[in-house]
Amino acid sequence: MSRRLPGGVLAGLGSVAAAAVVAGAQTAPAPPDRDYLVFVASEGNDQISLVRFGPAGARVERRNTMGTNRTELVGPHGIAVSPDGLWYYVTTAHGMPNGAIWKFSTATGEQTGRTDLGHFPATIQLAPGGNYAWVVNFNLYGDMVPSTVSVVYTGPMIEVKRIPTCVMPHGSRLSPDGSRHYSACMMNDALVEIDAAKMAVSRTFMLGKGAEHGMDGPPGPMTMSGSADGHGIVAPKPGDVSCSPTWAQPSVDGKTVWVACNKSSDVVEIDVASWSMRRRIPAGEGVYNLAVTHDGKVLVGTNKRGKSVSIIDAVSGAELGRVTTSRRLPSGLVISPDDRYAFVTLEGVGSEPGTVEVIDLKARARVASVDVGQQAGGIDFWKTEQPH
């Protein structure tokens, strides 16, 4: 049996892996030979946690509580570390009425900037140079009307563009070269591609099962009765969805985009050049967020309803393993630069704390766990360090 040490660290890495319910495990997990550091946002208590995982296990290195009013949650949702590792940026979802993006020093946690965005800013990513942050305005509590993607110049923290897209944009990522931005439209069953240089929608891909197709330009007007999209196909009315996409993940070479269909529990694989669907890849129940290893070989997905993480061969589409998580609602994930570990956030339910779990991708086993603030969601990698 593993034991829980102060701070939520699981000791006994081998026994943790043995206890995890793992399909397709290949080798017994070896302990890490260096330390890995990730930042985690907890929406339920406004905490940003710096988590360290290494030979001594996993622990919270420090915590930072953010916000402007101690009696009102701002709800940190998305988090992204700058390419140079000097800053991290956090989107806060609970504004009055708008949310915001905040800038902090990774070294000290000191706030250095902030600017308002749209309704319920959610996922965030920095462009390759770090000069621009791309944020979807999810508009969770608003009417089912098209929302936007904000582009923020990160030096002075100025929103330079707010691009209209679709209903409830979420799960957004840039192509590796930063030339295209992809976001999933949860209530339109669509993937939207933005030309980053023009800061305008270039193409849309409709994800409805049996009606998958790509088209140029933004989605057509979405009325309650549906409307033609310019190709003679009637688009679904907002909320009438079979996919309910929650994440868009480009491949390492930029030739593919994978989209997580939360409702149908599969992943749509889209060829970027032809803007057509290659296949649907089965995943776990309620697949939610996706990440791909830096070598491009493995696709990883959190299964929000399935209380598990799927490890998928990116070439064949075969599921190599499925790792059960210790708590409910697995959400965000990030993969270490050496492709050895996936760091996964678990939101938890009710009074349960949020949790960060570490999965060894080679052993396909859960090897460490540490509790953080409630409703842990956004997560991003900071750096690796050699142990002292």
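Definitions and cut-offs
- The residue numbering used here restarts from 1 in each chain and proceeds along that chain's sequence as written.
- Whole-chain, interface and lining totals are the exception, using all residues; otherwise, since this is a predicted model, local features are given only for residues with pLDDT of at least 70 and side-chain atom pairs are given and counted only at 80 or more.
- Excluded from the side-chain calculations are hydrogens and water; all other atoms, namely the structure's heavy atoms, are used.
- Strands here mean DSSP runs of E at least two residues long; helices mean DSSP runs of H or I at least four residues long; both are numbered from the N terminus.
- Note on exposure labels: buried denotes an accessible area under 20% of the residue type's maximum, exposed denotes more than 50%, and partly exposed covers the range between, all computed with a 1.4 Å probe on protein chains only.
- The contact criterion used throughout is that any non-hydrogen atoms of two residues lie within 4.5 Å.
- Here the Shrake-Rupley method, with its probe set to 1.4 Å, supplies the accessible areas, and only the displayed protein chains count as covering residues.
- In this text, buried Ala, Val, Leu, Ile, Met, Phe, Trp, Tyr and Cys residues form a nonpolar core when linked through side-chain atoms within 4.5 Å.
- For two strands to pair, DSSP has to find at least two bridges joining them.
- All axes here are fitted lines through C-alpha atoms, helices being fitted over the stretch that makes contact, and every angle between N-to-C directions spans 0 to 180 degrees.
- Centres within 6.5 Å make a pair out of two Phe, Tyr or Trp rings, where for Trp the six-membered ring is used; the pair is then stacked when the planes are under 30 degrees apart, edge-to-face when over 60, and tilted otherwise.
- Only when the NZ atom of a Lys or the CZ atom of an Arg is both within 6 Å of the ring centre and within 35 degrees of the ring normal do we say a charge sits over the ring.

Peer 1: Whenever I open this one, the overall build of the protein chain confuses me. Can you help?
Peer 2: Along the protein chain, the regular secondary structure elements total 1 helix and 34 strands. For the protein chain, buried positions account for 60% of its 388 residues. A separation threshold of at least 6 residues defines the contact pool for the protein chain, and within that pool the share at least 24 residues apart is 45%. If you sum the accessible surface of the protein chain, you get close to 15,100 Å²; carbon and sulfur atoms cover 52% of it.

Peer 1: Even after reading the chapter, I still don't get the nonpolar core, so can you show me in this structure?
Peer 2: As a rule of thumb, soluble globular proteins bury nonpolar side chains together. Residues Trp134, Phe138, Ile163, Met168, Val192 and Ile194 are the most contacted members of the largest nonpolar core, which totals 25 residues. Elements that contribute at least two residues to this core include exactly strand 12 (132-137), strand 13 (148-153), strand 17 (190-195) and strand 18 (200-206). Of the residues forming this core, the biggest block, 3 residues, is contributed by strand 17. Those residues in contact with methionine 168, other than ones at most four positions away along the chain, are Phe138, Asn139, Leu140, Ala184, Cys185, Met186 and Met187. Residues Phe343, Val358, Val367 and Val372 belong to the second largest nonpolar core, which totals 19 residues.

Peer 1: For this particular structure, what's the right way to read the sheet that holds strand 25 (residues 276-282)?
Peer 2: Working definition: the strands of a sheet are paired by backbone hydrogen bonds and lie parallel or antiparallel to each other. Read across the open sheet, the 4 strands follow the order 22-23-24-25; overall the sheet is antiparallel. Each of the sheet's edge strands pairs with one partner strand only, and the pair in question is strand 22 (245-250) and strand 25. Neighbour-to-neighbour, the strand axes of this sheet turn through a mean angle of 20°, independent of strand direction. Summarising the sheet, strand 24 (residues 266-271) and strand 25 pair through 6 bridges and their orientation is antiparallel. Within the sheet, the bridge partner assigned to aspartate 266 lies in strand 25 and is proline 282.

Peer 1: Sorry, what's going on with the packing of aromatic side chains here?
Peer 2: For any pair of aromatic rings, geometry is given as the distance between the ring centres together with the angle between the planes. Scanning the entire structure with this criterion turns up 16 aromatic pairs. Their ring planes at 0° and their centres at 6.4 Å tell us that tryptophan 102 and phenylalanine 104 sit as a pair that is stacked. By the burial criterion, tryptophan 102 is buried, and phenylalanine 104 matches it. Between the aromatic rings of phenylalanine 205 and tryptophan 275, the centroid separation amounts to 5.9 Å while the plane-to-plane angle is 90°, which identifies the pairing as edge-to-face. A residue pair is termed long-range when its members are at least 10 positions apart, and phenylalanine 205 in strand 18 and tryptophan 275 in the loop between strand 24 and strand 25 qualify at 70 residues. With a relative accessible area of 1%, phenylalanine 205 lands in the buried category. Feature note: the residues Tyr36, Phe53, Tyr341, Phe343 and Phe381 constitute an aromatic cluster, connected by ring pairs. Its end group placed over the ring of tyrosine 288, lysine 304 keeps NZ or CZ at 3.9 Å from the ring centre.

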